[in-house]
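Chains, contacts and geometry: an overview
What follows is the residue order along each chain.
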Amino acid sequence: MDLSLAIALGITLVIAILLIVFNDIPNEKLNYQKHLQSVSFTPDYMATITDLQHRLSILQLEKYSQLIEQRLVPMLKFDIASATGEPLKIGQSKIGGYCDSPMAKSLSNNSFLLQINCHDLYLSMDKTSFDASKNQQFFIQNELFRDGILYFFLDKDKMEKEKQNFVEVQYYPSLTDLATCKKQKTISTKDSYVIHFVSALSLPDAHTQWVRETFVNFEQEGYYKLINTENCNQISGYPQSITQYFDFNPKDKLLLLQLENIDMINQLPKWSRIYVFVDRQKAQAKDFSELTSYMQQFE
C-alpha cells in the first residue's frame, strides 16, 4: 500500500473515531439530564452513609463515592414551625417573639432574632450521622454545645445598608434564671416559632473549585441534585450558595447559622439568606465577640 494512502486512511480513521466520541458526548449529556428530571429524594437531606450511597447510585455518581465521602461534614438542619398546644417553655429554641434572658434583662440594643437551647443541639447529634463522617472534628464541638443558650440579634439598619457584619451573638451558660424579656427589641412581637433540629450530612457547595475539577461538566448537575435541599436552615457543615465562601474550609471556620427568609416572620428582605461564621478557636472558648456575617439576596 502506498505510504501516502496509508497515512490518509489513518487520518480518516482517527477523524471518524473522534466524530463518534464527540457525537456521543451531547447524547450522553442529554440522556443524563433527562434522567435527572425524574429524580427526587425524600427527605431531601442525607442522614447516613447508606443514604449517600443510595443517592449516588440513582444519580450515577458511584465512581466518585470515595472522593465525596472524604468531604462529608456533619451538620444540624432545622425546621421552623408554629407552636401548637401548650405555650413554649422558657429557654426553648425559638425564633421571633421575645427572648428568654437572664433575670428578664435586655441584652442588646439590636433586635432579637432567635435563641438556641444548646442542649437541643446536643440531643439532636445523631451518632449515625456523626460516625458517617470522616471529618467529625469539623462539627460543632460537644463540649461547647451541650448546655447553655445562644442568642442571635440583628442590627437591621446595618443589614439593609451594608449586608455584612450585622449579627450579634451572646452565649449564657445556664438556663436556671431565665425569664421572658419584653423590654428587649425584637424583629417580631408576634408569636414565637419553634425550632426543631435533625442531624444530617453536609457537602461542599456545587460552585466550588473542587466540584469543577472533580466532576465531568454535565455530572456537576447530578452533584447539585445530590446536595440541593428546599430547607436551607442549618448549623455547622458547609454553607450553601454564598459567594464569599464558595471554597469554605471547615477546618478554620464554624458555620454558626445559615438562615433563609421566613414567611411567618417576614422581617428579612425577600429571597434572602443570612450566614454567620466564627473562628473555631473562638467558638471553643465560647467567645462570640468577633463574628463574620453576610446577607445574600437571590433573584
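Starting from 1, residues in each chain are numbered consecutively following that chain's sequence as written. Confidence filtering applies because this is a predicted model: local features only for residues at pLDDT of at least 70, side-chain atom pairs given and counted only at 80 or more, and all residues used for totals across whole chains, interfaces and linings. Working from all heavy atoms in the structure, the side-chain values ignore hydrogens and water.

Moving on, we come to the overall build of the protein. In terms of regular secondary structure, the protein is built from nine helices and twelve strands. The cut-offs for exposure are 20% and 50% of the maximum accessible area for each residue type, with area from a 1.4 Å probe on protein chains only; residues under the lower value are buried, those over the upper are exposed, and the others partly exposed. Buried positions account for 48% of the 299 residues belonging to the protein. A separation threshold of at least 6 residues defines the contact pool for the protein, and within that pool the share at least 24 residues apart is 73%. As displayed, the protein has an accessible area near 15,600 Å², and 51% of this comes from carbon and sulfur atoms. The secondary structure listing takes helices from DSSP runs of H or I that are at least 4 residues long and strands from runs of E that are at least 2 residues long, numbered from the N terminus. Contact definition: two residues touch when any of their heavy atoms are within 4.5 Å. The method behind every accessible area is Shrake-Rupley, applied with a 1.4 Å probe, and residues are considered shielded solely by the protein chains displayed.

Classification of ring pairs uses Phe, Tyr and Trp, with its six-membered ring standing for Trp, and accepts pairs whose centres are within 6.5 Å; under 30 degrees between planes counts as stacked, over 60 as edge-to-face, and the remaining range as tilted. For the coordinates displayed, the defined rule picks out eight aromatic pairs. Here the aromatic rings of tryptophan 210 and phenylalanine 215 are separated by 5.7 Å at their centres, their planes lie at 85°, and the arrangement is edge-to-face. Summarising the aromatic geometry, the rings of tryptophan 210 and tyrosine 223 are spaced 5.8 Å apart at their centres and angled 75° between planes, so their arrangement reads as edge-to-face. Taken together, the residues tryptophan 210 in helix H7 (residues 209-214) and tyrosine 223 in helix H8 (residues 219-227) connect sequence positions 13 residues apart. Taken individually, tryptophan 210 and tyrosine 223 each receive the classification buried, so the pair is uniform in this respect. Three or more aromatic residues joined by ring pairs make a cluster, and in this case those are Tyr64, Trp210, Phe215 and Tyr223.

Looking now at helix H2 (residues 49-58). The periodicity of an α-helix, 3.6 residues per turn, causes residues three or four positions apart to be oriented the same way. If you check which residues of H2 are buried, you get Ile49, Leu52, Arg55 and Leu56. End-on view of H2: buried residues confined to an arc of 130°, all on one side of the axis. Where H2 terminates, the next one or two residues include glutamine 60, which has phi positive at roughly 60°. Throughout, the arc means that of the directions going from the helix axis to the C-beta atoms.

The next point concerns the nonpolar core. Within the largest apolar cluster, 34 residues are counted, with the highest numbers of intra-cluster contacts made by Leu113, Phe152, Leu154 and Leu256. The greatest single-element share of this core, amounting to four residues, is contributed by strand S10 (residues 253-260). The residues contacting phenylalanine 152, other than those within four sequence positions of it, are Ser111, Phe112, Leu113, Leu114, Ile116, Val167, Glu168, Val169, Leu256 and Leu257. In terms of nonpolar packing, the next biggest core, distinct from the first, is built from 23 residues, Ile49, Ile68, Ala206 and Phe218 among them. Only buried Ala, Val, Leu, Ile, Met, Phe, Trp, Tyr and Cys residues count toward a nonpolar core, and they belong to the same one when joined by side-chain atoms within 4.5 Å.

The next thing to look at is the confidence of the model for the protein. Of all residues in the protein, 80% have pLDDT values of 70 or greater, and the mean over the chain is 83. Within the protein, the element-level pLDDT minimum falls on helix H5 (residues 127-132), averaging 56, and the maximum on strand S6 (residues 167-172), averaging 96. Each residue gets a pLDDT score, which is the predictor's confidence in that residue and runs from 0 to 100.

Our focus in this paragraph is H8. For H8, the set of buried residues is Glu219, Gln220, Gly222, Tyr223, Leu226 and Ile227. Along the long axis of H8, the arc covered by the buried residues comes to 155°, so they all point the same way.

Our next topic: the environment of serine 199. When you line up the elements, serine 199 lands in strand S8 (residues 193-202). Overall, the relative accessible area of 6% leaves serine 199 in the buried class. Each C-alpha atom, one on serine 199 and one on methionine 46, is 8.7 Å from the other, the two residues being 153 residues apart in sequence. Engagement of the side chain of serine 199 in a polar contact is seen with the backbone oxygen of serine 124, the distance being 2.5 Å. A 3.5 Å cut-off defines polar contacts: any pair of N or O atoms within that distance qualifies, except that in protein one atom must be a possible hydrogen donor and the other a possible acceptor, and neighbouring residues in sequence count only when both atoms are side-chain atoms.

Counting buried positions over the eight residues of S10 gives six, a clear majority of the element. Sheet topology places S10 next to strand S11 (residues 272-279); seven bridges connect them, and they run antiparallel. Each bridged residue has a counterpart across the sheet, and for leucine 255 the counterpart in S11 is phenylalanine 277. Two strands qualify as a pair provided that DSSP identifies no fewer than 2 bridges between them.

This part takes up the state of the cysteines. In this description, the term disulfide denotes a pair of cysteine sulfurs within 2.5 Å. Evaluation of the coordinates by the stated rule reveals zero disulfides. Here cysteine 99 stays free of any disulfide, with the sulfur of cysteine 181 as its closest cysteine sulfur at 5.0 Å.

Glancing now at the environment of tyrosine 122. Position of tyrosine 122 among the secondary structure elements: in helix H4 (residues 118-124). Relative accessible area serves as the criterion here: at 24%, tyrosine 122 is assigned to the partly exposed category. Measuring from C-alpha to C-alpha, the distance between tyrosine 122 and phenylalanine 197 comes to 9.9 Å, with 75 residues separating the pair along the chain.

What follows deals with the pattern of salt bridges. When the charged atoms of two side chains lie near each other, side chains of opposite charge can form a pair. Should a side-chain nitrogen of Lys or Arg be within 4 Å of a carboxyl oxygen of Asp or Glu, the pair is scored as a salt bridge. Inspection of the entire model under this criterion finds six salt bridges. A salt bridge links glutamate 260 to arginine 273; the nearest nitrogen and oxygen atoms lie 2.7 Å apart. In this pair, glutamate 260 is assigned in strand S10 and arginine 273 in strand S11, connecting sequence segments 13 residues apart. According to the relative accessible area criterion, glutamate 260 is partly exposed, its value standing at 23%. In this structure arginine 273 comes out as buried when scored by relative accessible area, which is 7%. Between lysine 282 and aspartate 287 there is a salt bridge; the shortest N-O distance is 3.5 Å. Here lysine 282 falls in the partly exposed class, since its relative accessible area comes to 24%. Owing to a relative accessible area of 24%, aspartate 287 belongs among the partly exposed residues under this scheme. One salt-bridge network, held together by shared partners, links Lys282, Asp287 and Glu290.

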